[in-house]
Structure formats: C-alpha cells, structure tokens
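Secondary and tertiary structure notes
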Amino acid sequence: MAVSRLRAPQSRAPPPRIPISKRGIPGGQWVSQCVPLVSPQVTPSSKIVGDLAQFMVQNGLSREEVEEQADELSLPLSVVEYLQGYIGIPHGGFPEPLRSKVLKDLPRIEGRPGASLPPLDFEALEKQLKEKHRDEVTPEDVLSAAMYPKVFDEFKEFTSQFGPVECLNTRLFLEGPKIAEEFKVELERGKTLHIKALALGDLNQAGQRQVFFELNGQLRSVLVKDTVAMKDLHFHPKALKDVKGQVGAPMPGKVIDLKVKEGDSIEKGRPLCVLSAMKMETVVNSPVSGTIKKIYIKTDMNLEGDDLILEIE
C-alpha cells in the first residue's frame, strides 16, 4: 500500500480499494495491471509476458506484425530464451513458425531444463564470491548467486557504492529527502546518524549537483549525478525508419554489451548489442547484411527509444 501510494505520481493509479488478501489477488498481478511500465514482474513466465507486452507497445506492433516480422525483430532476451526452452516446454508445444523464425540457428533445450544442468559446487562458488566481492558471504548470498548470478553481482555493486540503503525508510529511498527535512538513519544499535537536507547547487557540465546537508550537526556537501536532468539534456541522434541501414534502440535502456566494431562485416540477424532496462534484456540484431559504417553508442550509455545505435552499409 505504502509503495503503491509513492508510485501513484508516476502511474496515476490509485491505491487499491479492494481487500486484496481477502480476494486472493496476487500483489504482483495487481501492481502489474496498475503500473505496467514501472513495476517488476514476479514469476519467470509473467516476466516474459510483460517484457513482450512492453516491447510491442513501445514499437507499436500488433500480434500479426510480430508473427510476420519475427525473424527481423530484436525481441527481449527473456522471450528468446523462453522459445529456446529455458523454463520448459509449454502444454501443446511452442507456436510455429514463430519459434523457428525467432531462434534461427540458436540451440534448443528439449525436455526438462533442470535435467541437463551440471552439478554445482557450492563451496567453490562461496570461495569465488569472497574473492570477487571482498566481503562477508552468507549462505543466502551463495544461493542468490547460484540462481541469479548477474542480479546478485549488480546488487553487490550497488551496495558497495551506496552503502546500507536498507536503513532508509521507503519514501527516503524512492524519493529522497525534501529541503530542510531532518531524518535519522540507524546503522546499528547505538549508532544513529542525524541528517538534515539543506540545499542543491546548480547543474554543472558533468550533469552533477552539489548537495549540501548537515550530518550530526556538521556541514557537509557531496557531488551527486542528477540523472533526471541528464535525461532532459539527452541529445542523441535518432534512427530514421526509412533508412534501412540505420539501427535504432527498440526500447529505452542501458547498453551493457557491444558485440561489434566499426568495419565488421555482418550477416542479417547477427547480435549487435545488448540493452537492459527494468531487469529486461534485449538483444539488438542486425536487420540487414553489410559492413558496420559507424557506431554511435558505448557501454554503459543510456538510450531512449529509437536512439541511433549504428549505421550499416
């Protein structure tokens, strides 16, 4: 309920007025319906449905158009892996010719995916995590890393950069403090920080602001990147839809992997880069064969929909 109210300004969806627990409505299902563009999905299958729905809405595609253009579209990775058989084979089998169009020569898993998984050495994984993160590793960490290795690495990187954010209440974590607001952060029993937000400085050329605050009565300041302002100052060229060699971002996201370089000769359907947004990864494939003329992106760059990725000649 509290999180729903905080998300209301983004979604314009009111808090639920029905007894969710009494009616047995899954929380993730309700949130997905009310906040379809900002809420995480819960189960693997619902995430796949949500990823595909967002992709279709973002690109203005109908079911018929997806089926017809499946061999050219850069579908979300979760959809591709589903068609490969990563979460099993659905009752009645996979839809054809959609599956064959999407997968082309990609490997397919026949039968129960877990049956072909190799044994996992938990002790070796624990040792690896300790060496990688230089931090205390709990049994829960080992299980998390085994099931969701990438998500776990992102979590550890986040906490190493921002510290114990679990000490903040929900509103402070999602929205940040208001100017002149005083609040407490209890790091552990007997260790409490008293913080007061004072002022924000002007935006500099690097997209940062000086944030002034009091920490236990002492004046402090820190440079913070203003991600909202940087998004407003986003001046990236757009791909022209009528120019076949220009490849644009199918959805907003962050570039996490670039798989080609300028001068490469590529075939139609070859992966060009991987975008990530809201835990959804999208592999952008080449719509044509040719040579990479110019690349307009780099790793960790944030893109909007239709931002130009590269040109092919």
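Residues numbered from 1 in each chain as written. Predicted model: local features only at pLDDT ≥ 70, side-chain atom pairs only at ≥ 80, totals over all residues. Heavy atoms only, no water.

All right, on to empty space enclosed by the protein then. Counted under the stated rule, the structure contains one cavity of 30 Å³ or more. Estimated volume of the largest cavity: approximately 30 Å³. Together, Met251, Pro252, Leu275, Ser276, Ala277, Met280 and Thr282 line the largest cavity. Put simply, the parts of the chain that give the lining of the largest cavity at least two residues each are strand 8 (271–277) and strand 9 (280–285). If you tally residues by element for the lining of the largest cavity, the top one is strand 8, at three residues. (1 Å grid on protein atoms, 1.4 Å probe; cavity = no way out; pocket = protein on both sides within 12 Å on 5 of 7 lines; lining within 4 Å. Points joined across faces, edges and corners; volume = space filled by probe spheres on them. Helix = DSSP H or I, 4+ residues; strand = E, 2+ residues; numbered from the N terminus.)

Below, the discussion takes up the pairing of strand 1 (residues 182–188). Of the pairings in the sheet, the one linking strand 1 to strand 2 (residues 191–200) comprises six bridges and is antiparallel in character. Along strand 2, the bridge assignment pairs Glu186 with Thr192. Count of turn residues in the strand 1/strand 2 antiparallel hairpin: two residues, of which Gly190 carries a positive phi of about 85°. (Pairing = 2+ DSSP bridges.)

Along the chain, Glu96 connects to Pro97 via a cis peptide bond; the corresponding omega equals 10°. Of note, Arg134 is a non-glycine position whose phi angle comes to about 50°, a positive value. Along the chain, Arg134 falls in the loop between helix 8 (122–133) and helix 9 (139–147). Assessed through its relative accessible area of 72%, Arg134 is described here as exposed. In the Ramachandran plot, Asn216 falls in the positive-phi region, its phi being about 50° despite a non-glycine side chain. Positionally, Asn216 belongs in the loop between strand 3 (208–215) and strand 4 (218–225). When its relative accessible area of 42% is taken as the criterion, Asn216 is described as partly exposed. (Buried < 20%, exposed > 50% of the residue type's maximum accessible area, 1.4 Å probe, protein only.)

With that settled, consider helix 4 (residues 44–59). The terminal C-alpha atoms of helix 4 lie 23 Å apart, and with 16 residues this matches the ideal 22 Å at 1.5 Å per residue to within 8%. Within the sequence span of helix 4, burial applies to Ile48, Gly50, Asp51, Gln54, Phe55 and Met56. Turning to helix 4, the residues buried within the fold contact helix 5 (63–69), helix 6 (77–84) and strand 9. A positive backbone phi angle near 60° is found at Gly60, which sits one or two residues after helix 4. (Expected span 1.5 Å × (residues − 1). Contact = heavy atoms within 4.5 Å.)

Another aspect to go through is the pattern of salt bridges. As a working rule, side chains carrying opposite charge can pair if their charged atoms are close by. In total, this model carries 13 salt bridges according to the counting rule given. Ionic pairing is found between Lys47 and Asp51, a salt bridge with its closest N-O pair at 2.7 Å. With a gap of four residues between them, Lys47 and Asp51 both fall in helix 4, about one helical turn apart. Given the relative accessible area of 22%, Lys47 is considered partly exposed. Overall, Asp51 belongs to the buried group, its relative accessible area being 3%. In this structure, Glu67 engages Arg63 in a salt bridge whose closest nitrogen and oxygen atoms are separated by 3.2 Å. Note that Glu67 and Arg63 are positioned in helix 5 at a spacing of four residues, about one turn of the helix. (Salt bridge = Lys/Arg side-chain N within 4 Å of Asp/Glu carboxyl O.)

On to the sheet that holds strand 2, then. Strand pairing within a sheet occurs via backbone hydrogen bonds; the two strands may be parallel or antiparallel. Sheet architecture is open: four strands sit in the order 1-2-3-4, paired in antiparallel fashion. Looking at the sheet topology across the chains shown, the edges are occupied by strand 1 and strand 4. The sheet shows a mean angle of 35° between the axes of neighbouring strands, direction not considered. For strand 3 and strand 4, the ladder comprises eight bridges, and the chain directions are antiparallel. From the neighbouring strand, Arg209 faces strand 4, where its bridge partner is Val224. (Axes fitted to C-alpha atoms, helices over the stretch in contact; angles between N-to-C directions.)

It is worth spelling out helix 10 (residues 149–162) at this point. Across its 14 residues, helix 10 extends 20 Å between first and last C-alpha, which sits within 8% of the 20 Å expected from 1.5 Å per residue. Within the sequence span of helix 10, burial applies to Phe152, Asp153 and Lys156. The arc that holds every buried residue of helix 10, seen down its axis, measures 100°, which confines them to one face. Residues of helix 10 that are exposed and point more than 90 degrees away from the buried face comprise Glu157 and Gln161. Where helix 10 is buried, its residues touch helix 8 and helix 9. (Arc of directions from axis to C-beta.)

Examined against the element boundaries, Ala197 turns out to sit in strand 2. Distance in space between the C-alpha atoms of Ala197 and Glu182 is 6.7 Å, their sequence separation being 15 residues. Setting aside its immediate chain neighbours within four residues, Ala197 contacts Pro177, Lys178, Ile179, Ala180, Glu181, Phe212 and Phe213.

The values reported here are purely geometric and, on their own, carry no functional implication.
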